Each structure stands twice: as C-alpha cells, then as structure tokens.
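# Chain and residue survey
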Amino acid sequence: MTAKLIDGKAVSAAVREKITADVASFISKSGVTPALAVVVVGSDPASAVYVRNKHKACLAVGIRSIEYALSEETTEEELLSLIEKLNRDDTVHGILVQLPLPKQIREDSVLRAISPLKDVDAFHPENVGRIAAGKPRFLPCTPAGVMELLAYYDIPTDGKECVIVGRSNIVGKPLFHLMLGANATVTVCHSHTKNLAEITRRADILIAALGRARFIGADMIKPGAVVVDVGINRLPDGKLAGDVDFDAASEIASYITPVPGGVGVMTVTELLKNTLTAAKIAVFGEDAV
Ligand code: NDP
C-alpha cells in the first residue's frame, strides 16, 4: 500500500474530545443540557444499529438522547403529531427521524414538519436551500464529515478537480455545495453519466457515494489522487465494503479512507456538533451562534 490512510476513528476521537469540552462549557454557561430526540419507526435492523450508535455517542459527549421507538404500523398523522410535540418542547434541541420510513408514511411531509431550527440532519427544504446558498445553519452530517477529514489531513481543496460519484440528496448533492464552497472545481456523476472512468481519472479528489461495492477500481483513479469512500455495502458474507476497491486503489492513491473506519464514523460526530449548535440557537438565538 502506498496511500496514506485517512483514519476516521482517530479524527472522530479528536473532534469528539473538542465537542465534549464545548458541551460542558455550554452547560456551565446556560444551565441547559443539549438534547437530541431520535425517532425510529418500525424494526429495520440497520436503523436499530444506527440509533444505538447515535445514543451512545450522545451520552459520551454529555448530550441527552431521547429515543422514540414507534411501531411499524404508525400512521403519518401519528408521527407528525409527535414531531409537532417535539418542535414545541423547549427541552429538546435536535430532532432526527431515522430513515427509511415504512411505506404508509411520506418522507417528504415528515422532513418538512421538523422545525428547521431543530433539523440536525439538515434535510428540511429551508436548510437545504441555505446550504445551496452557501449560508448553512446546520451542515449535512456525512458531507460535513468528508470535509472535516480532508481538513484534518491538510488536504487542499482550493482549485482542485473534485469528482463526486452519486447525486443523492443525503450525500452527493450537498457535498457538491460544500466542495464548491471550498473552491474546488466540482463534477457530479450519476447512473446516466457517460465515460465515467474518463471523468473520475481527472479527479484530484475522488469521492465515491454510489452504493455499489468495490465499483471504483484502480483504472478509474488518477495516480496520486485523494480517494474518499462514502459507500457502506453489506457483502454476501456479512462483511462491509465501500464503493472503492480498497486494495487496488491504495496502490495508486495518495490518501484513502477505509470502510469501515473512514467516513461512517464521522457522520455521527457531525450530528453531535449539529445538536450542540441547535441548543446554542435555542438558548442564545441564531445571531449569537
Ligand atoms: P443513493 O442510492 O440514494 O444514491 C446513489 C447515487 O449513485 C445515485 O445518484 C445514482 O445515480 C448513483 N449511481 C448508482 N449507480 C451508479 C453507477 N453505476 N455509476 C454512476 N453513478 C451511479 O445512495 P446514498 O447517497 O444514500 O448512499 C450512497 C452510499 O453511501 C451507500 O453505500 C450508502 O450506504 C452510503 N452512505 C454512507 C453514509 C455514511 O455515514 N458513511 C451515509 C449515507 C450513505 P442516479 O441518481 O442516476 O440514480
């Protein structure tokens, strides 16, 4: 392996140490403990793991975490009424509804119902618009995690060619805005993109977020490129793999993120930051944050 490893666990530990200190300082100034409400509907096993991780991470940095586990049969009306209650609750600062939702509930109407001031996932249209306008209130968690990893390793983005593979609302699109804000020249590819390898080979920074195990091979990477793998794919043998063929790519890249232990762990770290920001907004007002 010639590439340097971008160690998400180490970066995350350093950032969480800082968040722990910031939470303690906020509590001593305000007398308020930041609190995150996590709503999970149904019994998707992957969601259960994510929710448990978020809960543990909150407790470790001094954030209160309240879980609402609703049955698979919950109606949209019932979920909206819980969100309304949480919107009004002054002791709750961040609200997160774990996706995916059961079929009878429209994701859009749920995400729109969360108060934009408590929207720690940054999925509400108002927050999406603010990200696009370059004036984010909350940074979207996974894209923010990618930016934090690059910054930690002093990897420059200014004037660099960045290629993002994947254009989802959760990863690809918001990452486009953050990379553009960091002065990269950004190309976003998707399933209709022609000559994908030709485009990815132009990238100084290549970000894979397409959800296809080991899809990005060495032939798609420019020698010396920084390769960030957002993908988390479950293989038939139960193991996890990213969207990048790690062994091949690490022979040609200058930096690379592993899966697991790369971007994934940063996502929860950014959620903790957003929850603290939401609590600061609630207590001191938006202008003071
Ligand atoms: P989506 O399925 O919502 O989006 C996938 C995107 O990749 C789409 O834009 C799709 O194009 C594009 N795509 C799919 N196949 C190809 C292909 N063969 N060539 C080019 N583009 C392609 O996925 P998400 O964005 O939600 O997630 C992507 C990956 O990241 C998944 O593995 C997911 O598990 C992981 N993930 C990891 C997170 C973390 O914390 N690290 C958080 C969120 C996601 P089109 O739009 O044309 O369909």
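A brief report on the enclosed structure follows. The residue count restarts for each chain, going from 1 along the sequence in the order it is written. Only residues with pLDDT of 70 or above have their local features reported here, since the model is predicted, and side-chain atom pairs are shown and tallied only from 80 upward, although totals for entire chains, interfaces and linings are computed over all residues. In computing side-chain properties, one takes all heavy atoms of the structure into account and sets aside hydrogens as well as water.

Another point: the overall build of the protein. Only runs of H or I of at least four residues qualify as helices and only runs of E of at least two qualify as strands under DSSP, and these elements are numbered from the N terminus. The number of helices and strands found in the protein is ten helices and eleven strands. Here the globule rule reads 2.2 Å times residues to the power 0.38, and the radius of gyration is calculated from C-alpha atoms. Whereas a compact globule of 289 residues would reach a radius of gyration of roughly 19 Å, the protein reaches 19 Å, a difference of no more than 12%. In terms of its C-alpha atoms, the protein occupies a principal-axis envelope of roughly 50 × 40 × 35 Å. In the protein, which comprises 289 residues, the share counted as buried stands at 47%. The criterion used for residue contact is that any of the two residues' heavy atoms lie within 4.5 Å. In the protein, 70% of the contacts between residues at least 6 apart in sequence involve partners at least 24 apart. Note on areas: Shrake-Rupley, 1.4 Å probe, and residue coverage restricted to the protein chains presented here. Surface exposure of the protein reaches about 13600 Å², of which carbon and sulfur atoms provide 54%. The protein carries 31 positive and 34 negative side-chain charges, and their two centres are separated by 1 Å. Only protein chains enter the accessibility calculation, which uses a 1.4 Å probe; a residue whose area is less than 20% of its type maximum is buried, one above 50% is exposed, and one in between is partly exposed. In summary, the charge assignment counts Lys and Arg as positive and Asp and Glu as negative, without counting His or the chain termini. A single reference atom marks each charge: NZ on Lys, CZ on Arg, CG on Asp, CD on Glu.

In this section: the pattern of salt bridges. Any carboxyl oxygen of Asp or Glu within 4 Å of a side-chain nitrogen of Lys or Arg constitutes a salt bridge here. Scanning the model with the defined rule gives ten salt bridges in all. The salt bridge involving Arg130 is made with Glu286; its shortest N-O contact spans 3.9 Å. Linking Arg130 in helix H5 (residues 125-132) with Glu286 in the segment after helix H10 (263-284), this pair joins segments that are 156 residues apart in sequence. Taking the shortest distance from any N to any O, the salt bridge between Glu270 and Lys273 comes out at 3.6 Å. Remark: Lys273 and Glu270 occur in helix H10; sequence separation between them is three residues, near one turn of the helix. What makes Glu270 buried here is its relative accessible area of 3%.

Right, let's talk about the state of the cysteines for a bit. Disulfides are covalent bonds that connect the sulfur atoms of two cysteines. Two cysteine sulfurs form a disulfide in these notes if their separation is within 2.5 Å. Applying the stated criterion across every chain yields a total of zero disulfides. Cys162 takes part in no disulfide bond, and the closest cysteine sulfur, belonging to Cys189, lies 9.9 Å away.

Turning our eyes to something else, we now look at the nonpolar core. Buried Ala, Val, Leu, Ile, Met, Phe, Trp, Tyr and Cys residues form a nonpolar core when they are joined through side-chain atoms within 4.5 Å. In this structure, Leu36, Val146, Leu150, Cys162, Met179, Ile207 and Val226 are the most contacted members of the largest nonpolar core, which totals 49 residues. Ranked by residue count, the leading element in this core is H10, at nine residues. Filtering out sequence-adjacent residues up to four positions away, Ile207 remains in contact with Val146, Cys162, Val163, Ile164, Val165, Leu175, Met179, Val228 and Val230.

Here strand S8 (residues 226-229) shows a buried face lined by Val226 and Val228 and a second buried face lined by Val227 and Asp229. When strand S7 (residues 205-208) meets S8, the two strands line up parallel, connected through four bridges. Bridge pairing links Ala208 to Asp229 in S8. Across two bridges, S8 lies against strand S11 (residues 255-256) in parallel orientation. Within S11, the position partnered with Val226 by the bridge is Tyr255. Only strands that DSSP links by at least two bridges are regarded as paired with each other.

A regular strand places its side chains on the two faces of the sheet in alternate fashion. Buried residues dominate strand S2 (residues 35-41), accounting for seven of its seven residues. What you see with S2 is no split at all: Ala35, Ala37, Val39 and Val41 on one side and Leu36, Val38 and Val40 on the other are buried throughout. As defined by bridge partners, S2 adjoins strand S4 (residues 94-97) across four bridges and the pair is classed as parallel. Across the sheet, the residue bridging to Val39 is Val97, located in S4.

Grid points spaced at 1 Å over the protein atoms alone were grouped into cavities, where a 1.4 Å probe fits but cannot get out, and pockets, open sets with protein on both sides within 12 Å along at least five of seven lines, with lining residues defined by an atom within 4 Å of a point. Grid points are joined across faces, edges and corners, and a volume is the space filled by probe spheres set on the points. Within this model, the largest pocket holds a volume of roughly 1400 Å³. Tyr50, Thr142, Ile232, Gly264 and Thr267 are, among the 46 residues lining the largest pocket, the residues nearest its centre. For the lining of the largest pocket, the secondary structure elements donating two or more residues are helix H1 (8-30), helix H2 (45-61), S4, helix H6 (141-152), strand S9 (233-234) and H10. Considering each element in turn, the lining of the largest pocket owes the most residues, eight residues, to H2. Just so you know the grouping, Ala, Val, Leu, Ile, Met, Phe, Trp, Tyr, Cys and Pro go in nonpolar, Asp, Glu, Lys and Arg go in charged, and all remaining residues, Gly too, go in polar. Its residues assigned to classes, the lining of the largest pocket shows 25 nonpolar, twelve polar and nine charged. By volume, the second largest pocket is sized at about 440 Å³. Together, 20 residues line the second largest pocket, and Ala122, Phe123, Val128, Asn169 and Ile170 are the ones closest to its centre. Taken together, the elements giving at least two residues each to the lining of the second largest pocket come down to helix H4 (107-113), H5 and helix H7 (172-181).

This part takes up helix H3 (residues 76-88). Across its 13 residues, H3 extends 18 Å between first and last C-alpha, which sits within 8% of the 18 Å expected from 1.5 Å per residue. Where H3 is buried, its residues touch S2, strand S3 (64-70), S4 and H4. Given a helix with a known number of residues, its expected span is that number minus one, times 1.5 Å.

Before going further, it helps to examine the sheet that holds S11. Spatial ordering of the open sheet is given by S1-S11-S8-S7-S5-S6, a layout of six strands whose pairing is parallel. With partners counted over all chains shown, the strands left at the sheet margins are strand S1 (4-5) and strand S6 (185-189), one partner each.

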